[in-house]
Amino acid sequence: MQLRIISKEIIKPSSPTPHHLKTHKLSLLDQLAPDIYLPIVLFYDSSSRVDDKTRTATINSTNNISRRLKNSLSKTLTHYYPFAGRVLLKDNYVIDCDDSGVPVVETLVGSNMFDVLNFPEMDTMEQLLPFNPNKKHLSTHDVTVAVQINYFHCGGVAVGFNFRHIVADGAAAIGFIKNWAKLNYSNDDHDINIDVSTKYAVVDCTNIFPPNKEISGYARSINEWQRSTECVTKRFRFNGSKIAALRREMIMEKASLNLQYRPSRFEAVCGLIWGALLAMDREKHIDSTSTKATIPVNLRTRMNPPLPEGCIGNLFHAVTCTENNEAGDGHYNKSTLARNVREFTKMVSDDFVRKVYQDGGVVFVNQYKEAVKELLKDGTNNNTTNSVRLFGFSGPIGLQYYGIDFGWGKPLWVTTVMRLNNVAMLLDTCDGKGVEAWVGLPINDMSKFEQDLGILAYASFTSSPRSRI
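Computed from a prediction, not measured in an experiment: that's the story for all the values here.

Okay, the overall build of the protein chain next. Of the regular secondary structure elements, the protein chain holds 14 helices and 15 strands. Looking at the 469 residues of the protein chain, the share that counts as buried comes to 57%. Across the protein chain, the fraction of contacts at a sequence separation of at least 24, relative to all contacts at a separation of at least 6, is 79%. Accessible surface for the protein chain amounts to roughly 20200 Å². Of this, 50% is attributable to carbon and sulfur atoms.

Here's what the structure looks like:
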């Protein structure tokens, strides 16, 4: 893919951040988040930019889009002012909201956007981001948010984002993009949902989740552990018809045990992937109790009173799910694992959260530290030849990002470009019926995972994200 940078600019908030808002405190949950970048790319078929005679994008249309995007981004940053600041980790663990701005890169791409959509490769999509998001060590000098706007020769536009995770989880990132798009679409900041984007976009959660000076080092160790082994990340697409068939199979499995259970799309895919990992680890003579799944639970709607839907920060609690062999025969079917995901995640309520993090979360912090020590007791090599596989499921399923309209219509595809070992990023398909999973595994494990009978039965390895089958 031929790509040429045409501009680089720093976009600052349209209004200076008031002095009393210059420092934003990061919470314990922010400390626990991996200090990496969350990459997101949205693809748009912007036919309004195409000249009817030449069928190529016009310079004037590109310039108009550029000016409008930068103007609306500047206005949006006034409400999301920590995103225009810099993270200070060494002493206070805060964001210095100094209005230093968000870097915006613009490029011209000489190829057709549908060449990327028809054969999506992670190496290619990384070029659509302002920088490689998979760098290992971040510092104060690394930006909080960065944007790259890519104008394709055919008229399509891809907008790529890197969000620093300790400042924004998936819900916060999507909330920011939604409100930037609303403002760009209307070009009038009064049309933004004031509850989310202005008055309550920035919330201080340190009274519920006060930071802890000891825990950051342990969180960094987990981050390094996830990146320690060379891994491969591949895309598995579960179309709507396959998801429906998988859910029916799980319903029947549970009915045979006199249990009523109807899995969600997320639970069904988690159960399928987790089952494939258990089968693979069983061949390595790894105890099934040592293959665990972690699921982040969004706390915004579970707290009482609820927190704003798109407020910044990391407002999730990660639960660790263990297997539960209901049949008692030593085998773990997909439906059992999917149901485990539901049972563990539904425990997370307002009472649960306040109990876990009471008294500054002292008990939780000590338990977290001991768990990290146990996980790393065989060293930092995350290759599952050790005694434990901790596999993470994440992703912004259900956050309505296929409705994000900058004024060019709804996106054709929304995806991520994240490379993490033993992690699956799950996203909606464009029709809202399927699931796309970007799965990261050690190289040797990936070849076995792809041959799992359940994965072969329900996943597509090559279909375009444009497919609605």
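Turning to the side chain of His165, a few remarks are in order. The residue His165 is located in the loop between β8 (157-164) and α5 (170-186) in this model. If near-sequence neighbours (up to four positions away) are discounted, His165 is found in contact with Ala33, Pro34, Ile36, Leu38, Asn314 and Phe316.

Here the focus is the environment of Asp35. Along the chain, Asp35 falls in the loop between α1 (28-32) and β3 (37-44). If we ignore the near neighbours within four places in the chain, the residues touching Asp35 are Leu89, Leu138, Arg164, Ile166 and Asn223. Among the polar contacts listed, one links the side chain of Asp35 to the side chain of Arg164, at a separation of 2.9 Å.

For helix α8 (residues 240-255), spanning 16 residues, the distance from its first C-alpha to its last is 23 Å, which sits close to the expected 22 Å at 1.5 Å a residue. Taken as a whole, α8 has its buried residues at Gly240, Ile243, Leu246, Met250, Glu253 and Lys254. End-on view of α8: buried residues confined to an arc of 140°, all on one side of the axis. Tucked inside the fold, the buried residues of α8 contact β9 (231-238), α9 (265-283), α10 (334-346), β15 (435-442) and α14 (453-458).

Mapping Asn179 onto the fold places it in helix α5. When the C-alpha positions of Asn179 and Ser72 are compared, they lie 9.7 Å apart, and in sequence the two are 107 residues distant. Engagement of the side chain of Asn179 in a polar contact is seen with the side chain of Tyr80, the distance being 2.9 Å. Looking at Asn179, its side chain comes within polar contact range of the main-chain oxygen of Gly175, at 3.0 Å.

Considering all chains together, one arrives at 20 salt bridges under this definition. Note that Lys22 is salt-bridged to Asp99, the shortest N-O span being 3.7 Å. Of this pair, Lys22 sits in the loop between β1 (3-11) and β2 (23-25) while Asp99 is found in the loop between β5 (94-96) and β6 (102-109), placing the two residues 77 residues apart along the sequence. Exposure remark for Asp99: the relative accessible area of 11% places this residue in the buried category. In this structure, the salt-bridge partner of Arg389 is Asp281, at a minimum N-O distance of 2.6 Å. Placement of Arg389 in strand β12 (residues 389-394) and of Asp281 in helix α9 is noted, with a sequence separation of 108 residues between them. For the residue pair Arg389 and Asp281, the accessibility class agrees, reading buried in each case. Residues joined by salt bridges that share partners form a network here, namely Asp281, Lys284, Arg389 and Asp445.

Moving on, we come to empty space enclosed by the protein. For the structure shown, the criterion picks out three cavities of 30 Å³ or more. Looking at the largest cavity, its volume works out to about 90 Å³. As for the largest cavity, its lining consists of 13 residues, of which His24, Asp30, Val203, Ile312 and Gly313 are closest to the centre. Residue composition of the lining of the largest cavity, grouped by class: seven nonpolar, four polar and two charged.

Parameters and conventions
Residues numbered from 1 in each chain as written. Predicted model: local features only at pLDDT ≥ 70, side-chain atom pairs only at ≥ 80, totals over all residues. Heavy atoms only, no water. Helix = DSSP H or I, 4+ residues; strand = E, 2+ residues; numbered from the N terminus. Buried < 20%, exposed > 50% of the residue type's maximum accessible area, 1.4 Å probe, protein only. Contact = heavy atoms within 4.5 Å. Areas by Shrake-Rupley, 256 points an atom, 1.4 Å probe, with all protein chains shown as cover. Polar contact = N/O pair within 3.5 Å; in protein donor to acceptor, adjacent residues only side chain to side chain. Expected span 1.5 Å × (residues − 1). Arc of directions from axis to C-beta. Salt bridge = Lys/Arg side-chain N within 4 Å of Asp/Glu carboxyl O. 1 Å grid on protein atoms, 1.4 Å probe; cavity = no way out; pocket = protein on both sides within 12 Å on 5 of 7 lines; lining within 4 Å. Points joined across faces, edges and corners; volume = space filled by probe spheres on them. Nonpolar A, V, L, I, M, F, W, Y, C, P; charged D, E, K, R; others polar.

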